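Take a look at the letters that make up each chain.
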Amino acid sequence: MCPLDSSRHLGYVSPGVYLMERLTGTVFRAHSGFFTVQTPAGALVCRLRGRLRKERLDTDIVAVGDRVVVEPAGDGTGLIVEVLPRTRVLSRRAPPAHPDDRRQVEQVIVANPDQAVFVFACAQPAPHLRMLDRLLVAAEAASLPALICANKVDLVTLEEAQALFGLYATIGYEVLYTSAKTGVGVDALRQRLTGKLSVLSGPSGVGKTSLLNAMQPGLGLQVREVSQATTKGRHTTVVPELVPIAGGGYVADTPGLRAMALWDIEPGELEAYFPDIRPFVAECEFSDCTHTHEPGCAVRAAVARGQIHPARYESLLRLRAEIEEELKKALR
Ligand code: GDP
Ligand code: ZN
């Protein structure tokens with residue numbers, strides 16, 4: 001993959017500069033048929049070549065994060081002539097066009113994300129760990145490495161913070177303890193984001209905007225703009241804008257991720273996305289064990305022995321019930 005080019009976020013290609021050459025860049029903003037593409041020569045507002053619109057009927061043709069080839073028109077605008085293959089996507093099931101429509105169309109939230117960063121507060125608001133479990137499943141299902149950011153550590157003791165989030169470190173997720181207020185952990189977070197396209201998610205009020213600002217003073221205004229734009233249509237708008245990171249890389253602030261349907265996950269497949277539960281599943285007596293009542297269930301035995309945290313087991317059962325409910329609705 002080409003290196004991310006946001007460090008060259010130098011403004012728009014000036015009108016009058018005639019560029020015949022095709023350029024490769026990253027889509028960092030999408031708005032009603034227009035895509036703003038960061039290229040090595042600057043940003044270009046682009047339309048999509050007509051022929052491309054007929055391809056990929058089951059998914060979005062171009063999304064934020066896509067690597068594209070553009071043909072500059074010479075006036076600061078351009079035409080997207082090719083969308084490069086995606087490494088992976090973060091998607092959700094698009095809302096049906098009308099209630100009877102059962103087709104499942106994928107709506108891409110972000111193309112080519114490198115990692116997910118899930119931000120929760122140690123306090124104010126108290127962390128909703130069931131939501132974290134849900135986000136982690138979505139990340140596992142998308143093969144997206146996940147990083148957990150436990151913010152507002154200044155409001156609790158380190159012991160309290162670790163009592164809340166330490167479990168996730170034992171499962172194997174990296175947990176960063178940060179405070180946008182005191183600056184603790186902010187350098188470490190910046191380091192993890194540099195050179196990557198990171199999807200940032202978490203409940204509102206946990207300090208996502210404050211962390212982005214703390215990481216790069218001077219970005220302030222821009223971040224505020226983004227979060228206002230995205231909170232306006234909370235339930236409909238899921239398309240984020242990429243915020244460039246000093247030193248290269250982008251952050252996609254995605255409030256819509258919270259509402260994300262667990263796209264494409266079968267109930268029986270869910271346990272595979274719990275790295276702490278997964279190893280025990282093979283030892284269950286029945287291959288279709290639901291880990292609720294069956295004799296010889298290795299998962300329940302592991303919970304009883306303290307090898308699986310009861311809260312994670314509970315999350316698995318709840319999410320499974322949720323997916324089964326969704327399936328029933330779809331078959332009705
Ligand atoms: P967002 O909704 O996740 O973007 O959260 P904001 O960045 O808007 O922060 C919500 C509130 O929490 C604001 O009043 C911030 O000043 C406060 N806040 C953010 N980070 C911290 C932190 O590390 N410590 C403390 N004590 N407050 C914080
Ligand atoms: Zn079982």
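Keep in mind that what you see is a predicted model, and the values were worked out from it rather than measured. (Residues numbered from 1 in each chain as written. Chains lettered and ligands numbered in written order. Predicted model: local features only at pLDDT ≥ 70, side-chain atom pairs only at ≥ 80, totals over all residues. Heavy atoms only, no water.)

**Student:** How should I be thinking about the sheet that holds strand β5 (residues 77-83) in this particular structure?
**Tutor:** The mixed closed barrel is built from five strands, whose spatial order is β1-β2-β3-β5-β4. Strand-to-strand twist in this sheet, taken as the mean axis angle between neighbours without regard to direction, amounts to 55°. (Pairing = 2+ DSSP bridges. Helix = DSSP H or I, 4+ residues; strand = E, 2+ residues; numbered from the N terminus. Axes fitted to C-alpha atoms, helices over the stretch in contact; angles between N-to-C directions.)

**Student:** Help me out: how do you make sense of the pairing of strand β2 (residues 34-39) in this one?
**Tutor:** Walk down a regular strand and you will see the side chains alternate between the two sheet faces. For β2, the buried fraction is high: five of the six residues fall into the buried class. In this sheet, β2 lies alongside strand β1 (residues 23-31) in antiparallel orientation, the contact comprising five bridges. Following the sheet pairing, valine 27 is matched in β2 by valine 37. Between β1 and β2, which pair antiparallel in sequence order, lie two residues; one of them, serine 32, sits at a positive phi of approximately 30°. With antiparallel pairing between neighbouring strands as the criterion, β2 and strand β3 (residues 42-48) make up a hairpin whose turn holds two residues. (Buried < 20%, exposed > 50% of the residue type's maximum accessible area, 1.4 Å probe, protein only.)

**Student:** Where do I start with the coordination of the zinc ion (ligand 2) in this structure?
**Tutor:** The expected angle between donors at a tetrahedral four-coordinate metal is 109.5 degrees. At an octahedral six-coordinate metal it is 90 or 180 degrees. Each protein donor to the zinc ion (ligand 2) is listed here as Cys284 (SG), Cys289 (SG), His291 (ND1) and Cys297 (SG); together their distances run 2.1 to 2.4 Å. Around the zinc ion (ligand 2) sit four donor atoms; with metal-centred angles ranging over 102 to 117°, the donor geometry is tetrahedral. As a motif over one chain, the donors of the zinc ion (ligand 2) read C-x4-C-x1-H-x5-C. With relative accessibility at 4%, the residue cysteine 289 sits in the buried group. (Donors = N, O, S within 2.8 Å, 3.2 Å for Na, K, Ca; no water. Tetrahedral: all angles 85-135°; square planar, octahedral: opposite > 155°, others 65-115°.)

**Student:** Looking at this model, I keep getting lost on the nonpolar core. Mind explaining?
**Tutor:** One broad trend across soluble globular proteins is that nonpolar side chains are buried collectively. By size, the foremost hydrophobic cluster in this structure holds 36 residues, and its most contacted members are Phe118, Leu132, Leu136, Ile148, Phe165 and Tyr168. Apart from the residues lying within four places of it in its own chain, the contact partners of isoleucine 148 are Phe118, Leu132, Leu136, Phe165, Tyr168, Tyr173, Glu174, Val175 and Leu176. Tyr273, Cys284, Ala302 and Leu319 belong to the second-largest nonpolar core, a separate cluster that totals 20 residues. (Core = buried A, V, L, I, M, F, W, Y, C linked by side-chain atoms within 4.5 Å. Contact = heavy atoms within 4.5 Å.)

**Student:** Explain the sheet that holds strand β11 (residues 197-201) here, please?
**Tutor:** Two pairing modes exist for strands in a sheet, parallel and antiparallel, and in both the strands are linked by backbone hydrogen bonds. Judged by pairing direction, the sheet is mixed, and its six strands sit side by side in the order β10-β9-β8-β11-β13-β12 without closing on themselves. Pairing within the sheet leaves two strands with one partner each, and these edge strands are β10 (174-177) and β12 (242-244). Pairwise comparison of adjacent strand axes, ignoring direction, gives a mean angle of 25° for this sheet. Summarising the sheet, β11 and strand β13 (residues 250-253) pair through four bridges and their orientation is parallel. Among the inter-strand pairings, serine 198 is bridged to a residue of β13, identified as valine 251. Sheet strands in contact with helix α1 (residues 129-141) are β8 (115-121), β9 (146-151) and β11, and its direction is about 180° off that of β8.

**Student:** What am I meant to see in the environment of alanine 282 here?
**Tutor:** By the secondary structure assignment, alanine 282 is in the loop between α6 (278-281) and α7 (298-304). A C-alpha to C-alpha distance of 8.1 Å links alanine 282 and alanine 298, two positions 16 residues apart in sequence.

Keep in mind these values describe shape, not function.
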